[in-house]
Amino acid sequence: MSEAPLDLVIVGAGFSGLAMAIRARQAGFDRLLVLEKAAGVGGTWRENTYPGAACDVPSQLYSLSFAPKSDWSRLFAPQPEIEAYLEGLVAAHGLAPFLRLETCVTRAVFDAEAGLWRVETDRGVVSARVLVGAMGALHHPALPRLPGLERFSGKAFHSATWDHSCDLRAKRVGVIGTGASAVQFVPEIVGRVAHLTQFQRSAPWILPRGDRPTGRGFQWLMRIAPLRRLHRASLFWRREVAALAGFTRVSRVTALAEAWSRRHLAASIADPALRRQLTPDYRLGCKRVLLSDDYYPALARPNASLVTAPIREVLPHGIVTADGAEHPLDMLIFATGFAPGGSVVRTEVIGRDGLSLLQAWKQGADAFRGVSVAGFPNFFLLLGPNTGLGHNSVLLMVEAQVAHVLGALKRLRDQPGGVLEVRPEAQARFRAEVDARMQDSIWTQGGCGSWYLDRAGRNRTLWPGTVGDYVRGTERMRVEDYRLTDPPGLCPGPTKGLVLSKP
Ligand code: NAP
């Protein structure tokens, strides 16, 4: 694929991979490739095309600080617009020659002798000094193992692989799952189907969304850079203050937000029994807080019903719940989320001394600042463990990580052939900091189980502090946290003052 070793190979052309590529090129690293298994860029914003897909962070904040866009059509941009924004980044920053689409990385091995990553793909091998995993965390749909599912005679698909050829009209549709995806597509489809049965395992906390078209006046104002920055800062600080005030712990903020959510529920649902079923039995923030103005009204429609009894089995034409009730269905839509860890845990990544990432993570995913892993020199992750957010735009975390990797790239540029590996003690220190902050966090004290937690109940998904805290500790790569060595192929020791005698 490429003969001479590159400076950098980035795996994944979603938000984080593209941000990394743009920043690297701006810093003068032109010898790079972005490998992407799909036929286009966009990652999650290319894959998730379900009706109503949109971001749940305002677009002026859910966009890259160095690639502003003034004319987002709505406060919360819909998926096609976000995908177009990402495609626009490729054009605006001349990334096309650096992209290798439909190229799936099968294995990446660190060659310690050469100080290079050998990245194996289904189109050949490429070598690079630095490897960046930008493969996203929420990619592989999680499908529940329901008894009898294979016997279901109608169409069944996951929200992330929406079957647009499926005509929903006049169908009895069952939706399993009540997370961020379901609350977006249920209101979109309920008007089209004959009947919608929403199967709920746990009720989500939902706050008003307040989405609306931005309008020409607002878009014009957003063209004025200081105003746009001010608006972005106000969106950021509102969320940051919520975190500082206690949003990530069981606190007064929790109680206030719960009261707000209950009022929101009461405003849409008149039936007290349905209201009770839709009231969560855990503290707000323990699972992702959802934003929606139309999910509750959708469930209040005469052609919708909420089923809270656990699913017992799937029949060819419906679902039987634990209370013995039979729910006739023509179609099933799984809104059951994703297998945590994303693609990086499914790709063979072999670091120093033959250590695989899976072995290194057998107790759970762990990375210094979510970015680097001891035993994996010159390897960096974007959106790695403990860098997700429940309260603010995750792209702020991505930008800090990109800056960290750039720091590493610059350090390596100053030391040709050098190898950077995070010190195990720095990684352990970060782990201890995360674990200590997690102890009284809403995710462990909020009385719920969630995909944020691993089997041992440890949160390896979210950052337990403010964005400011994370950015301050991450964006500047401190070389003290790393071991910087020459590859074994090079002669060690000082060369200054050495006089070579002529033969
Ligand atoms: P999710 O939030 O993980 O929700 C999955 C839902 O499926 C939950 O209600 C869960 O119930 C239910 N479920 C899972 N397994 C089940 C089973 N075996 N039986 C019955 N119910 C089951 O998934 P998602 O809605 O796809 O969202 C995933 C993540 O994607 C979000 O947290 C968010 O980070 C991201 N997302 C973002 C946006 C956005 O606007 N930016 C939009 C969509 C998604 P329990 O709660 O009881 O586990």
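Residues numbered from 1 in each chain as written. Predicted model: local features only at pLDDT ≥ 70, side-chain atom pairs only at ≥ 80, totals over all residues. Heavy atoms only, no water.

Looking at an unreviewed UniProt entry, one finds the chain named 4-hydroxyacetophenone monooxygenase and attributed to Methylorubrum extorquens DSM 13060.

Engineer: Is there a simple way to explain the sheet that holds strand 7 (residues 155–158) in this structure?
Structural biologist: One key point about sheets: their strands pair by backbone hydrogen bonds, in either a parallel or an antiparallel sense. Taken together, the five strands give an open sheet; going across it, the order is 7-16-8-9-12, and neighbouring strands pair in parallel fashion. Each of the sheet's edge strands pairs with one partner strand only, and the pair in question is strand 7 and strand 12 (304–307). If you compare each strand with its neighbour and ignore which way they point, the axes differ by 15 degrees on average. With five bridges joining them, strand 8 (residues 172–176) and strand 9 (residues 195–199) adopt parallel strand pairing. Considered in strand 9, the bridge of Val175 is made with Gln198. (Pairing = 2+ DSSP bridges. Helix = DSSP H or I, 4+ residues; strand = E, 2+ residues; numbered from the N terminus. Axes fitted to C-alpha atoms, helices over the stretch in contact; angles between N-to-C directions.)

Engineer: Just to check I follow, could you spell out the packing of aromatic side chains for this structure?
Structural biologist: Aromatic ring pairs are reported here in terms of the distance separating the ring centres and the angle at which the planes meet. This model, assessed by the stated rule, comprises 18 aromatic pairs. Ring centres of Phe368 and Tyr482 lie 6.1 Å apart, and the angle between their planes is 80 degrees; on these two criteria the pair is classed as edge-to-face. Here Phe368, found in the loop between helix 10 (357–360) and strand 18 (379–381), pairs with Tyr482, found in strand 20 (residues 482–485); they are 114 residues apart in sequence, far enough to count as distant. Feature note: the residues Phe368, Phe380, Phe430, Trp463, Tyr470 and Tyr482 constitute an aromatic cluster, connected by ring pairs. Over the ring of Tyr282 we find Lys287; its NZ or CZ atom is 5.5 Å from the centre of that ring. (Phe/Tyr/Trp six-rings, centres within 6.5 Å; stacked < 30°, edge-to-face > 60°. Lys NZ or Arg CZ within 6 Å of the ring centre and 35° of its normal.)

Engineer: Help me out: how do you make sense of the packing of helix 1 (residues 15–26) against helix 11 (residues 394–414) in this one?
Structural biologist: Packed helix pairs are specified by the crossing angle of their axes together with the interaxial distance, meaning the distance between the axes. It is at 10 Å that the axes of helix 1 and helix 11 come closest, and there the two elements cross at 40 degrees. Classified by the angle between their axes, helix 1 and helix 11 sit oblique to one another. Of the two possible hands of crossing, helix 1 and helix 11 adopt the one that is right-handed. Within the contact between the two elements, helix 1 uses Phe15, Ser16, Ala19, Met20, Arg23 and Ala24 and helix 11 uses Leu395, Val398, Val402, Val405, Leu406 and Leu409. Among the residues forming the contact of helix 1 with helix 11, the class breakdown is ten nonpolar, one polar and one charged. (Parallel < 35°, antiparallel > 145°, perpendicular 65-115°, else oblique. Left-handed = near helix turned anticlockwise from the far one by under 90°. Contact = heavy atoms within 4.5 Å. Nonpolar A, V, L, I, M, F, W, Y, C, P; charged D, E, K, R; others polar.)

Engineer: What exactly am I supposed to notice about the pairing of strand 9 here?
Structural biologist: Regular strands place side chains that alternate from one sheet face to the opposite one. With four of five residues buried, strand 9 is to be regarded as a mostly interior element. Handedness of the strand 8-helix 4 (residues 180–189)-strand 9 crossover: right-handed. Pairing of strand 9 with strand 12 involves four bridges; the strand directions are parallel. When the sheet's bridge partners are listed, Thr197 is paired in strand 12 with Ser305. (Buried < 20%, exposed > 50% of the residue type's maximum accessible area, 1.4 Å probe, protein only. Right-handed = clockwise from strand over helix to strand, strands pointing away.)

Engineer: Sorry if this is basic, but what is going on with the sheet that holds strand 14 (residues 318–321) here?
Structural biologist: The three strands are arranged 13-14-15 in an open sheet whose pairing can be described as antiparallel. The open sheet has two edge strands, strand 13 (311–315) and strand 15 (326–328), and neither has a second partner. Each adjacent strand pair in this sheet contributes to an overall mean axis angle of 20 degrees, direction not counted. Relative to strand 15, strand 14 is paired through three bridges, and the arrangement is antiparallel. Across the sheet, residue Gly318 finds its bridge partner in strand 15, namely Pro328.

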